[in-house]
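An overview of the molecular structure
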Amino acid sequence: MQFENTLKFAQKLDSEDKLHDYKNEFHFPQVNGKDVIYFTGNSLGLQPKCTQSYIDEVMTDWKNLAVEGHFHSKKPWWDYHERLAEPLSEIVGAKTEEVSVMNTLTANLHFLMVSFYRPTKKRFKILCEEKAFPSDQYLLQSQVKFHGFNPDEALVEVKKREGEHFWRTEDVVAKIKEVGEELALVLIGGVNYYNGQVFDMETITKIGKSVGAFVGWDLAHAVGNIELKLHTWGVDFAAWCSYKYMNSGPGNASGIFVHEKHLADDSIPRFQGWWGTKKETRFLMKPEFESTHTADSWQVSNPSVLSLAPYLSSLTLFEEVGMKSLIEKRISIVSYLEFILHEIDKEVNSTFEIITPMERGCQLSVLLHGEGRPLFDYLMKNGVIVDWREPNVIRLAPAPFYCSYEDMYRFGQILKEGILSK
Ligand SMILES: *Cc1c(COP(=O)(O)O)cnc(C)c1O
């Protein structure tokens, strides 16, 4: 499509967008009395308007029923988490029994590594991307040390090439083959938080498996953003948070995936708790752990219902719209944003550099050569919420649920004013 950098053209795209009205299903912060242009759905998604009622329902049931709410509230609490597995399995390309929701992301990755990082003297290395999200780096360092290994030896980072801003699949593959029989685990962020790159999860999983390693993915920036086929790809495990593209609210519950092939295997070690046992016999309070033989067997505690309720509410929107429509719009709106950036770049004679490769999801990371912190302050003051990384990278994620083409056009105008007003 031939794009145009005009309000009229942006509005025409909005009028043809079947997701356009979903903007009204979310609460927007206001700046100068107007809804902001929100580019940070990759960090904390906006609050769906339906969420409040899901929380109110729990509060009311708690008020009126107290302990009886476990079994007699409108949505009984004791198996509240089970309601999320089916809609989520659609989103991540899994079978319902392969998905569960609990805890938070880094905590879940630790729990999953108990099961899937069992190093031996010979096979003890973990492969990850260089400069992984800090929490993932601390996770991996501490797991390696916990097992008595030296992170300098056990952690193998795949580097970007000199002068390039992205990872090449061939380099990941070569590194996996090089480490070969020493490789215990591949654990990478499926969509990189910094440059927005989507890794070729299918290929990397296949190669990782072929050298005998387990392969897991941190899907914090992938879930609700790109197409995932975790089951078909043969991924061993994955985890994600729900507050980025999934709009569940700050710090809220994390999802996990464990491949079907592992579910009935009672020889896999696990840090266990009572909610991992079969529902039918759970309250017999027996000393033996009877696994559910689903991803739920990684549950430890009774569900945090007040954190699951917003997630469930947001999933109803995902169910209604479907990932296919979200992905279609995402591809189109990100292309439009890219076009706008190039147009403004020409108009102001600046030198933006989009460091996100074509293998991308919702996020464009832009190096603003010559611009600095004052530009970021200008954008924020003028109702554009973006994310700034020192020294001069902005990350822009126009979440398809609630961003419009007109937002992209208006952002371009504000960006231009910001640069020219210097
Ligand atoms: C956002 C993010 C996290 C956050 O972890 P929490 O445990 O939810 O605080 C972890 N890893 C990656 C790759 C992320 O993008």
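Basis of the calculations
Residues numbered from 1 in each chain as written. Predicted model: local features only at pLDDT ≥ 70, side-chain atom pairs only at ≥ 80, totals over all residues. Heavy atoms only, no water. Salt bridge = Lys/Arg side-chain N within 4 Å of Asp/Glu carboxyl O. Helix = DSSP H or I, 4+ residues; strand = E, 2+ residues; numbered from the N terminus. Buried < 20%, exposed > 50% of the residue type's maximum accessible area, 1.4 Å probe, protein only. Contact = heavy atoms within 4.5 Å. Pairing = 2+ DSSP bridges. Near = heavy atom within 4 Å. Polar contact = N/O pair within 3.5 Å; in protein donor to acceptor, adjacent residues only side chain to side chain. Nonpolar A, V, L, I, M, F, W, Y, C, P; charged D, E, K, R; others polar. Patch = residues over 30% accessible without salt bridge, like charges linked within 9 Å, V, L, I, M, F, W, Y side chains within 5 Å. Areas by Shrake-Rupley, 256 points an atom, 1.4 Å probe, with all protein chains shown as cover. Core = buried A, V, L, I, M, F, W, Y, C linked by side-chain atoms within 4.5 Å. Domains from an automatic or database assignment. UniProt positions renumbered as here; feature names shortened; annotations may be inferred. Buried area = accessible area lost by both parts, 1.4 Å probe. 1 Å grid on protein atoms, 1.4 Å probe; cavity = no way out; pocket = protein on both sides within 12 Å on 5 of 7 lines; lining within 4 Å. Points joined across faces, edges and corners; volume = space filled by probe spheres on them. Axes fitted to C-alpha atoms, helices over the stretch in contact; angles between N-to-C directions. Phe/Tyr/Trp six-rings, centres within 6.5 Å; stacked < 30°, edge-to-face > 60°. Lys NZ or Arg CZ within 6 Å of the ring centre and 35° of its normal.

This paragraph deals with the pattern of salt bridges. Oppositely charged side chains can form a pair if their charged atoms are brought close together. Inspection of every chain in the model, using the stated rule, returns 29 salt bridges. Salt-bridge contacts for Glu82 lead to Lys279; the nearest nitrogen and oxygen are separated by 3.1 Å. In this pair, Glu82 is assigned in helix H4 (residues 82-92) and Lys279 in helix H12 (residues 279-282), connecting sequence segments 197 residues apart. The exposure class of Glu82 is partly exposed, given its relative accessible area of 31%. The partner of Lys416 in a salt bridge is Glu347, with the nearest N and O atoms 2.6 Å apart. Within this pair, whereas Lys416 is found in helix H16 (residues 405-420), its partner Glu347 is found in helix H14 (residues 323-348), the two being separated by 69 residues in sequence. Glu347 gets classed as partly exposed once you look at its relative accessible area, which sits at 44%. One continuous salt-bridge network, built from bridges that share partners, spans Asp79, Glu82, Arg83 and Lys279.

The next thing to look at is H4. Along an α-helix, residues three or four apart share an orientation, since each turn contains 3.6 residues. Every buried residue belonging to H4 is among Leu84, Ala85, Pro87, Leu88, Ser89, Ile91 and Val92, and all of these are buried. Against the buried residues of H4 lie strand S6 (99-102), helix H10 (230-233), strand S11 (237-240), helix H13 (305-321) and H14. With its phi angle positive at about 70°, Gly93 sits one or two positions after the end of H4.

Judged by which residues are buried, S11 turns out to be covered on both faces: Phe237 and Ala239 on one side and Ala238 and Trp240 on the other are all buried. Taken together, the four bridges between S11 and strand S12 (residues 254-258) define a ladder with antiparallel strand orientation. From the neighbouring strand, Ala239 faces S12, where its bridge partner is Ile256.

By nearness alone, every residue bordering the ligand is listed as Leu105, Thr106, Phe133, Asp136, Asp218, Ala220, His221, Tyr243 and Lys244. A distance of 2.9 Å is found between a nitrogen atom of the ligand and a side-chain nitrogen or oxygen belonging to Asp218. Between an oxygen atom of the ligand and a side-chain N or O atom of Tyr243, the distance comes to 2.5 Å. Among the residues making up the shell around the ligand, the classes are represented as four nonpolar, two polar and three charged.

The next point concerns a nonpolar patch on the surface. A cluster of nonpolar side chains, Phe71, Trp274, Phe283 and Met285, forms an exposed patch at the surface whose accessible area comes to about 420 Å². Take Met285: it is sitting in the loop between H12 and H13.

Now for the nonpolar core. Ranked by size, the top nonpolar core spans 103 residues in total, and within it Tyr80, Trp217, Trp240, Tyr336 and Phe411 carry the most contacts. Ranked by the residues each element gives to this core, the list is headed by H14, at 12 residues. Split by domain, this core shows at least three residues from each of two domains, domain 1 (7-47 + 323-420) and domain 2 (52-321). Leu112, Ala154, Phe237 and Ala239 belong to the second largest nonpolar core, which has 28 residues in total.

Moving on, we come to the UniProt feature "modified residue: N6-(pyridoxal phosphate)lysine" (unreviewed entry) in the protein. According to UniProt, the "modified residue: N6-(pyridoxal phosphate)lysine" (unreviewed entry) feature falls on Lys244. In this structure, Lys244 sits in the loop between S11 and S12. Among the residues examined, Lys244 registers a relative accessible area of 8% and is labelled buried. In contact with Lys244, not counting residues within four places along its chain, are Gly41, Asn42, Ser43, Leu44, Gly45, Ala220 and His221.

A separate point is the domain arrangement of the protein. Along its sequence, the protein is carved into domain 1 (7-47 + 323-420) and domain 2 (52-321). Spacing between the C-alpha centres of domain 1 and domain 2 amounts to 29 Å. With 33 residues of domain 1 at the interface, the matching set in domain 2 holds 25 residues. Both sides together, the interface formed by domain 1 and domain 2 hides about 2,500 Å², and carbon and sulfur atoms give 60% of it. Among the residues domain 1 hides against domain 2, the three largest losses belong to Met323, Ile355 and Phe401. Together they make up 22% of the total. Put simply, domain 1 and domain 2 have zero salt bridges between them.

A few words now on empty space enclosed by the protein. According to the stated counting rule, one finds three cavities of 30 Å³ or more in the structure shown. Taken as a whole, the largest cavity spans an internal volume of roughly 40 Å³. If you go around the largest cavity, the residues you meet are Gly224, Tyr245, Asn247, Phe318, Leu326, Ala399, Pro400 and Phe401. Split by residue class, the lining of the largest cavity holds six nonpolar, two polar and no charged. Of the domains in this structure, domain 1 (7-47 + 323-420) and domain 2 (52-321) are the two that each give at least three residues to the lining of the largest cavity.

A few words on the sheet that holds strand S10 (residues 214-218). Taken in spatial order, the seven strands make up an open sheet running S6-S12-S11-S10-S9-S7-S8, and their pairing is mixed. The open sheet has two free edges, formed respectively by S6 and strand S8 (155-158), since each of these has just one partner strand. Each strand axis lies, on average, 20° off the axis of its neighbour in the sheet, ignoring direction. Looking at chain direction, S10 and S11 are connected through three bridges and run parallel. Bridging across to S11, Gly216 finds its partner in Phe237.

Another point: the environment of Gly372. The residue Gly372 is located in the loop between strand S14 (364-369) and helix H15 (373-381) in this model. Relative accessible area serves as the criterion here: at 21%, Gly372 is assigned to the partly exposed category. Each C-alpha atom of the pair Gly372 and Ile419 lies 9.9 Å from the other, and the pair is 47 residues apart in sequence.

Let's shift gears to the packing of aromatic side chains. Applying the stated criterion across every chain yields a total of 27 aromatic pairs. With centroids separated by 4.9 Å and ring planes inclined at 70°, the aromatic side chains of Phe39 and Phe411 adopt a geometry described as edge-to-face. Taken as a pair, Phe39 in the loop between strand S4 (37-38) and strand S5 (47-48) and Phe411 in helix H16 lie far apart in primary sequence, 372 residues in all. The pair Phe39 / Phe411 is uniform in exposure class, with both members buried. With 5.6 Å between their ring centres and 45° between their planes, Phe376 and Trp388 make a pair best called tilted. Here the residue Phe376 occupies a position in helix H15, and Trp388 occupies one in strand S16 (residues 387-389), the gap between them amounting to 12 residues. Comparing Phe376 with Trp388 shows no difference in burial state: the two are buried. Three or more aromatic residues link up through ring pairs in this structure, and these residues are Tyr22, Phe26, Phe28, Tyr38, Phe318, Phe401 and Tyr402. Lying across the ring of Trp78, Lys279 places its NZ or CZ 4.9 Å from the centre.

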